[in-house]
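# Notes for the structure review
Single-letter residue listing:
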Amino acid sequence: MIQCAQACLYLSVLVAFAACNAPPVPLDDIFIEKTFVPEECVRAVKVGDYVRYHYIGMFPDGKKFDSSYDRGNTYNVFVGKKQLIEGMDKALVGMCVNERRLVKIPPQLAYGKQGYGDIIPADSILHFDVLLLDVWNPEDGVQIKTYHTPATCPRKVEVSDFVRYHYNGTLLDGTLFDSSHTRMRTYDTYVGIGWLIAGMDQGLLGMCVGERRIITMPPSLGYGENGDGSDIPGQASLVFDVVLLDFHNPRDRITVTNQKVPEPCTRKAVAGDFVRYHYNGSLLDGTFFDSSYSRNRTYDTYVGQGYVIAGMDEGLIGVCVGERRTITIPPHLGYGEEGTGTKIPGSAVLVFDVHIIDFHNPSDNTEVTVTYKPEGCDKQTKKGDFIKYHYNASLMDGTSIDSTTDIQHFIVPGMEDGLMDMCVGEKRHLVIPPHLGYGERGVTGEVPGSAVLVFDVELVDMEEGLPEGYMFIWNDEVSPDLFAEMDKDNDEQVEPSEFTDYIIRQVNEGKGRLAPGFDPYRIIDNMFSNQDRDGDGKITVAEFKLKADEAAAHDEL
């Protein structure tokens, strides 16, 4: 198959032959002029090799008598087995692929006195312009040249593995016939079970991910005598420049490596737990496809219940808070043959570098650990008590949230649970699941959604609370003249100021007690409103009642 540039070059050669070869000079042996020698000669023709070459045959006066270019096919033949005229058999020995020679052959090493029909007269000197394109030997096998080896190779390709690789396919003279790169997708196939040409089946075995190698094969291990019918001629050696990107075996399960487990690890994740973790996701060749860090938030999910790909569901079981691990997932436990379209190719092995931030179970309660308990702990907190405590609050990974030296109210339900039955001076370590903390939403800018909270608390003071449903109680017996004592001006009605002054006086004298931790005046206003049945801003004798006299339970006297 002659190219335009080659044709022009060959015409120039014919002119040169005509100018330099008249009259013909008698030859005793062949004469070889090397008109082009490639920089690298990996292999030279030897007797017994099979060659493919193009040629132009001429007489000394430049007249062409034959050309493989005109037929559109190379001349294919064994060398040194008398399948050629003797002079050509000798002239091809030692040639390199892409080498070009001008060969002069005397009659005694060509067609001699008989000539060749009407084409070549008797006693003709023949000139051949020869370009060698291919050479191989029937004894050849696959030749492998590795030119890049990755730093680590934990596993090599074996028979029945499924591989993903890129390649450039050329003939031995460098002519490109195919490339996965131009299609912008890898070639994906099983190895060693006959899905590939035999030479490629052999050439891929033993490769590491990231390895690059040149695989050269004779036609017997490629496309044989007939080629592929289009780009690959018959009897052609093939050269594949291959880079292996990925491989796995259908029997593979996930693998967990690079584990960094914190000490202590008091609890490990089980199916049904809700896990918050960071990750970097890449393909087996290191190509990055996703990261929770880039979104600046953890990935939060239940494990063991099908909320994530099967390999990750399995890989997160048994983790500890703070643990780091690499989870390698074969495609049948990842995104399968289809992949995700743009970022994850079909049949791709996935590698996740995971850092566990926290996890909990929906059935969890507040976990209480007493770190210090004073002697003589007689009085303990109960529901409704007013307390003061110090605390340091953090997430499970140690990230500080808040701290205080004086707080006078409960924060979250889990904290309330953790402060029950506590003595003044006692210290506790509380672990609070999110459903008893700040829930799925968290606190913007402070506490992530679904985060487990950690509190280190110290109770510094407590004041006994009131019974449930009361905002004020009497310490002594209630005066039978209570309304009259409030009605200072004896006008048969109690003004708000009279009511407020009276209650404050009872508290100051220790006769009554308001609920601790609240604004006393707001409590008193509420008490007055409850007694002012008609809402006219005054309490009459008819309206005034003690709580014990009320049918319904609500806060009042």
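As annotated in an unreviewed UniProt entry, the protein is peptidylprolyl isomerase from Mastacembelus armatus. UniProt, in the comment section headed Function (unreviewed entry), describes the protein in these words: "PPIases accelerate the folding of proteins during protein synthesis." Recorded in UniProt under Subcellular location (unreviewed entry), the annotation for the protein is "Endoplasmic reticulum".

### Concerning helix 10 (residues 496–508)
Its 13 residues give helix 10 an end-to-end C-alpha distance of 18 Å, which sits within 8% of 18 Å, the value for a rise of 1.5 Å per residue. Listed in full, the buried residues belonging to helix 10 are E498, F499, T500, Y502, I503 and Q506. Check the buried side of helix 10 and you find it contacts strand 24 (472–474), helix 9 (482–486), strand 25 (493–494), strand 26 (512–514), helix 11 (520–531) and strand 27 (539–540). Just downstream of helix 10 lies G510, where phi reads positive at about 80°.

### Focus: the pairing of strand 6 (residues 126–136)
Within strand 6, 11 of the 11 residues are buried, leaving the element largely enclosed by the surrounding structure. Two elements, strand 2 (residues 50–58) and strand 6, share 9 bridges in a ladder whose sense is antiparallel. Note that in strand 6 the partner of M58 across the bridge is H127. In this structure, strand 5 (residues 100–105) lies alongside strand 6, joined through 6 bridges in antiparallel fashion. Paired with R101 across the bridge in strand 6 is V130.

### Focus: the domain arrangement of the protein
Often the size quoted for an interface is simply the accessible area lost on bringing the parts together. Partitioning the protein into structural domains gives domain 1 (31–136), domain 2 (143–248), domain 3 (255–360), domain 4 (367–463) and domain 5 (472–540). Of note, the centres of domain 4 and domain 5, computed from C-alpha atoms alone, are 36 Å apart.

Analysis parameters
Residues numbered from 1 in each chain as written. Predicted model: local features only at pLDDT ≥ 70, side-chain atom pairs only at ≥ 80, totals over all residues. Heavy atoms only, no water. UniProt positions renumbered as here; feature names shortened; annotations may be inferred. Helix = DSSP H or I, 4+ residues; strand = E, 2+ residues; numbered from the N terminus. Expected span 1.5 Å × (residues − 1). Buried < 20%, exposed > 50% of the residue type's maximum accessible area, 1.4 Å probe, protein only. Contact = heavy atoms within 4.5 Å. Pairing = 2+ DSSP bridges. Domains from an automatic or database assignment.

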